[in-house]
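An overview of the molecular structure
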Amino acid sequence: MESGVDGQRFAIGGRVVDADDPQLQDLLAQAYEAPGRPRCLCVAGGVEMYVAFHRHFQIKRMPETGDRHHPACPSYEPGPAMSGLGELVGEAVVQLDPARVELHVDFPWARVPGRPGVSREPAEPSEVGRTRRRMSLRALMHFLFERAGFNRWSPAMAGKRNQAVLHKYLMQAAEAIQVKSEPLSQRLYVPEAFSETAKAEQAERRRARLSVLQPHDGRQPLAVVLGEFKGCESAPAGARIWIRHMPDAPLLADARTWARVQRGFAPLFEALDSDGGRGLRLMLAALIRARREHTYEIDLASLMLTSEEWIPLEGVHEAPLVRALVTQGRRFVKPLRYDARTVAGFANAILLDVGAEPVDLHVVSGFMGEAEQGAKRRAFENARPRSWLWSPGEAMPVLPDPSTRLTAGAAACRPRAGPTTVLPNPAGRDPD
């Protein structure tokens, strides 16, 4: 979370300061070198934070402490078990230090022409061990969106999310993530907001970013392009895939690869054409290689549905709930699937503006299988003391009333009502 969050207070070096205190940068500079840690005072006794430097000093949440903060605090985050992230922490997601995390992924950073992508097991292995869980391309996309804060919403974010914000905070999140011992930011391209007057400069920056794809030593390096799917058209031997804000650089895919993508993600493509598809976006994460100079071919792809505000959605059945939450000016977080086999056990959204205890919101679609519907209802019955359930096709129940009352110890974290509220960034928060 970026320093300067309105309504948040910290204890730093024996002093209590507001997040918008003009002396905060000086205090953080001193704390950066000091042995003690600042504390967020959103709850009684406070919660430890740490100081990082990224262009300026920032006070950030310590790993695995998000659920210790008050739900009204910008540093609050549900525990990993509340989403598919819980299955990956400790194996596919390894915390290197408070500021950096390493991801173990199930795809390579290079291809060797003529060799299979996965080597065969030796006939008589010299040792046998438990297989480490690894993260898919979809899970990587979810992790980036969560670290950049796009699965969170507050009324202060209304009208402030756009392609420039998406580019900035996804790339910033990638700087603190390592994949195969190098920063993910070196292998990630998120399109800038396209400008007709600056298109030549933008194209040059894109080519420089993707110069990592230049073949060497008999290997074809790979990189990830993450952007909004715009459309596709037939091309010789395959398809030409268009990404918004990349009008001069389509991605190519051979016929078999793109046919598999269309089959595998058919429900998401159909969602854009559905009766409730207005305002939905389809994000594409593509693992690409260079077919030749400045010509990029998709090697692997994953897609993710989002709301108009780039809030990730598991399916079109969640769209009305997210739209209602945004329209009513609510504060909430959206748990993400990652690589979980089912999302039935997770809330579809978690309300954060209802006092000291969040409220889980559950959606049971009639198009779920009977087993999944049953698991969803059990999750609702076993959830927090206050939970909410809705079946699309029926009238949406009234959402729990927002509350500005905090616990006595949380009085130092006091969000202000109305348009003057300022959150860490338009995405939701800086990656912690």
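What you see is a predicted model; the values in this text were computed from it and never measured.

A short note on the packing of aromatic side chains
Per the stated rule, a full pass over the model turns up seven aromatic pairs. Ring plane angle 75 degrees and centroid distance 6.2 Å describe the contact between W258 and F269, whose orientation is recorded as edge-to-face. Within this pair, whereas W258 is found in helix α5 (residues 255-264), its partner F269 is found in helix α6 (residues 266-272), the two being separated by eleven residues in sequence. Accessibility assignment for this pair places W258 and F269 in one class, buried. Three or more aromatic residues link up through ring pairs in this structure, and these residues are Y32, F53 and F57.

Regarding the environment of P221
By secondary structure assignment, the location of P221 is in strand β13 (residues 220-221). Residues P221 and R289 lie 68 residues apart in sequence; the distance between their C-alpha atoms is 6.4 Å. If near-sequence neighbours (up to four positions away) are discounted, P221 is found in contact with W109, A110, R187, V212, L213, Q214, P215, H216, I288 and R289.

So, the pattern of salt bridges
Opposite charge on two side chains makes pairing possible when the charged atoms of those side chains draw close. Counted according to the given criterion, the structure contains 19 salt bridges. Put simply, R240 and E233 hold a salt bridge, and the shortest N to O gap is 2.7 Å. Accessibility expressed as a relative area gives 23% for R240, which makes it partly exposed. Judged by its relative accessible area of 36%, E233 is partly exposed. Each of R111, R289 and D299 takes part in a single network of salt bridges with overlapping partners.

About the thresholds
- Residues numbered from 1 in each chain as written.
- Predicted model: local features only at pLDDT ≥ 70, side-chain atom pairs only at ≥ 80, totals over all residues.
- Heavy atoms only, no water.
- Phe/Tyr/Trp six-rings, centres within 6.5 Å; stacked < 30°, edge-to-face > 60°.
- Helix = DSSP H or I, 4+ residues; strand = E, 2+ residues; numbered from the N terminus.
- Buried < 20%, exposed > 50% of the residue type's maximum accessible area, 1.4 Å probe, protein only.
- Contact = heavy atoms within 4.5 Å.
- Salt bridge = Lys/Arg side-chain N within 4 Å of Asp/Glu carboxyl O.

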